[in-house]
Amino acid sequence: MKILIPSDEGLHTAAEALRAGLLVAFPTETVYGLGGDGFNLQALAGIFAAKGRPRFDPLIIHIADLDSLERIAATDSLELAVRDKVHALCACLWPGPLTLILPKQPDVPDLATSGLPTVAVRFPDHRVAQQLIRLSTGAVAAPSANPFGYLSPTKAAHVQEQLGDQVAFIIDGGPCGIGVESTVLDLSAGSPQILRPGGTPRERIEAVIGPVAGPPLEPGSTIHSPGQLKSHYAPRTALTLHSRQEMIHLPYEPSEAYLFFDRWSWDAWVQGLGLMYPAGTSRIRVLSEQGNLAEAAARLFELLHEFDRIGVSVIHAEQVPETGLGLAINDRLTHASCRKALKP
Ligand code: TXA
Ligand code: MG
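Described below are features of the structure shown in this document. (Residues numbered from 1 in each chain as written. Chains lettered and ligands numbered in written order. Predicted model: local features only at pLDDT ≥ 70, side-chain atom pairs only at ≥ 80, totals over all residues. Heavy atoms only, no water.)

Time to look at the overall build of the chain. Tallying secondary structure elements over the chain gives 12 helices and 14 strands in all. Taking 344 residues into account, the globule formula puts the C-alpha radius of gyration at 20 Å, and the chain, at 20 Å, falls close to it. Principal axes of the C-alpha set define a box for the chain whose edges measure 65 × 45 × 30 Å. Split into buried and exposed, the 344 residues of the chain put 57% on the buried side. (Helix = DSSP H or I, 4+ residues; strand = E, 2+ residues; numbered from the N terminus. Rg over C-alpha atoms; globule rule 2.2 N^0.38 Å. Buried < 20%, exposed > 50% of the residue type's maximum accessible area, 1.4 Å probe, protein only.)

Right under this line is the structure:
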């Protein structure tokens, strides 16, 4: 594996590898993806093998221009009203952190869609991702570049640690701006439904197409999206999720980690304990001092990765407000809390 910088030369090298059926990890605005040619069976099989991902969990095909949508998805088989919604979403929210589930074109490999009649398509809002897709095959299958069930990577170093020996190249495009995966919206069944909350808040989708259903509240309650398994997005360390009230009353244990939403809760906790702030510890962190949900999302996986790296016995995390990106953050934290601790 080699790390490439996203220069013209680096991108051409990576694109050539993709065309040859190899795997390349690349940055998007949400998280790093593990890319392979969406029409190459060997590359697709390689993605499942590299991640240890079950074959029943389908992949997202990434495109880099609106014209490519029809190559992947058969939108003309949708009812007219739904087709209009798809076009409105593409016009207003693409490129961006929104994945659409649509009827698939017959020649999209079953391996990519796990045999489903539908396909996930996304047009990422990231210069490096777009250039790589355009220079390679125009349709790049890419799950998040992490071993199955583990935290998504938001930096090239995360990919290197987790999957470094599984890919030909990692393109280092710096940290991902959004930090949580795309919102997955199913339009294949008529009425639109969010299967996975993510980087595009529900409010933005509803502003374009009106009310949407979902996501299921309890993780794992009904698995509409094959990837929404109970224990997804988990750090290796056990995580416990707390309301703000619970969080600010927790006792302090030096071996445990504390992830506060904002400065207000952190202050309340420190005051309640009546102790001096244990200076220099990286086990007590605040997602966003000012309580900004976009900043909190961008830092979430990075801080969870860091707790895993330093080794703590348990992570206490505070729920964030359930608006905008808060839905995606709480979803990832809830899934993480369903997971028993794993060996590193
Ligand atoms: O932000 C993202 O979406 C990132 C970056 C790399 O683009 N990718 C990503 O891929 O998160 P992945 O594979 O980790 O998650 C894809 C999700 C899974 O939950 C999968 O089950 C769901 O999309 N999905 C894919 N195809 C589907 C389909 N046909 N029907 C329902 N859900 C589908
Ligand atoms: Mg993933």
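Our next topic: the packing of helix H4 (residues 80-93) against helix H8 (residues 202-209). Relative orientation of the contacting elements H4 and H8 amounts to 125°, with a least axis distance of 9 Å. Relative to H8, H4 is oriented oblique. For H4 against H8, the interelement crossing comes out right-handed. Across the interface between the two elements, Lys 85, Ala 88, Leu 89, Cys 92 and Leu 93 of H4 pack against Arg 204, Ile 205, Val 208 and Ile 209 of H8. (Axes fitted to C-alpha atoms, helices over the stretch in contact; angles between N-to-C directions. Parallel < 35°, antiparallel > 145°, perpendicular 65-115°, else oblique. Left-handed = near helix turned anticlockwise from the far one by under 90°. Contact = heavy atoms within 4.5 Å.)

Our next topic: the pairing of strand E14 (residues 315-318). Residues Ile 315 and Ala 317 of E14 are buried on one face, and the alternating residues His 316 and Glu 318, pointing to the opposite face, are buried as well. For strand E11 (residues 239-242) and E14, the ladder comprises 4 bridges, and the chain directions are parallel. Directly across from Leu 241, in E14, lies its bridge partner Ala 317. Where strand E12 (residues 257-260) lies against E14, 3 bridges are found, and the strand directions are parallel. Within the sheet, the bridge partner assigned to Leu 259 lies in E14 and is Ala 317. (Pairing = 2+ DSSP bridges.)

Here Trp 94 and Pro 95 are connected by a cis peptide whose omega angle stands at -10°. Relative to the helices and strands, Pro 95 is located in the loop between H4 and strand E5 (98-103).

Let's shift gears to the environment of His 249. Turning to its location among the elements, His 249 is positioned in the loop between helix H9 (244-248) and E12. Once the C-alpha coordinates of His 249 and Ala 268 are considered, the two residues, 19 residues apart in sequence, prove to be 8.5 Å apart. Reaching out from His 249, the side chain makes a polar contact with the backbone oxygen of Gln 245 at a distance of 2.7 Å. (Polar contact = N/O pair within 3.5 Å; in protein donor to acceptor, adjacent residues only side chain to side chain.)

The next subject is the sheet that holds E14. The parallel open sheet is built from 4 strands, whose spatial order is E11-E14-E12-E13. Only two strands of the sheet have a single neighbouring strand rather than two, namely E11 and strand E13 (284-286). Adjacent strand axes in the sheet meet at a mean angle of 15° when their direction is disregarded. Sheet strands in contact with helix H12 (residues 326-337) are E11 and E14, and its direction is about 130° off that of E11.

A word on the pairing of strand E6 (residues 118-122). Within a regular strand, side chains alternate between the sheet's two faces. With 5 of 5 residues buried, E6 is to be regarded as a mostly interior element. Residues Thr 118, Ala 120 and Arg 122 of E6 are buried on one face, and the alternating residues Val 119 and Val 121, pointing to the opposite face, are buried as well. Strand direction decides the pairing type here: strand E4 (residues 60-62) and E6, joined by 3 bridges, are parallel. The partner of Ile 61 across the bridge, within E6, is Val 121. Where E5 meets E6, 5 bridges bridge the pair, whose relative direction is antiparallel. Looking at the pairing, Leu 100 lines up with Val 121 of E6.

Right, let's get into the sheet that holds strand E8 (residues 169-171). Ordered by their spatial adjacency, 10 strands build an open sheet running E1-E8-E2-E3-E7-E4-E6-E5-E9-E10, and the pairing between neighbours is mixed. Looking at which strands have only one partner, the edges of the open sheet turn out to be strand E1 (2-4) and strand E10 (193-196). This element, helix H6 (residues 127-135), spans strand E2 (24-26), E4, strand E7 (140-141) and E8 of the sheet and lies at about 145° to E2. Of the strands in this sheet, E5, strand E9 (183-186) and E10 touch H8, which is tilted by about 35° from E9.

Below, the discussion takes up the environment of Asp 8. Structurally, the position occupied by Asp 8 is in helix H1 (residues 8-19). What makes Asp 8 exposed here is its relative accessible area of 58%. C-alpha of Asp 8 to C-alpha of Leu 59: the two residues are 51 residues apart in sequence and 27 Å apart in space.

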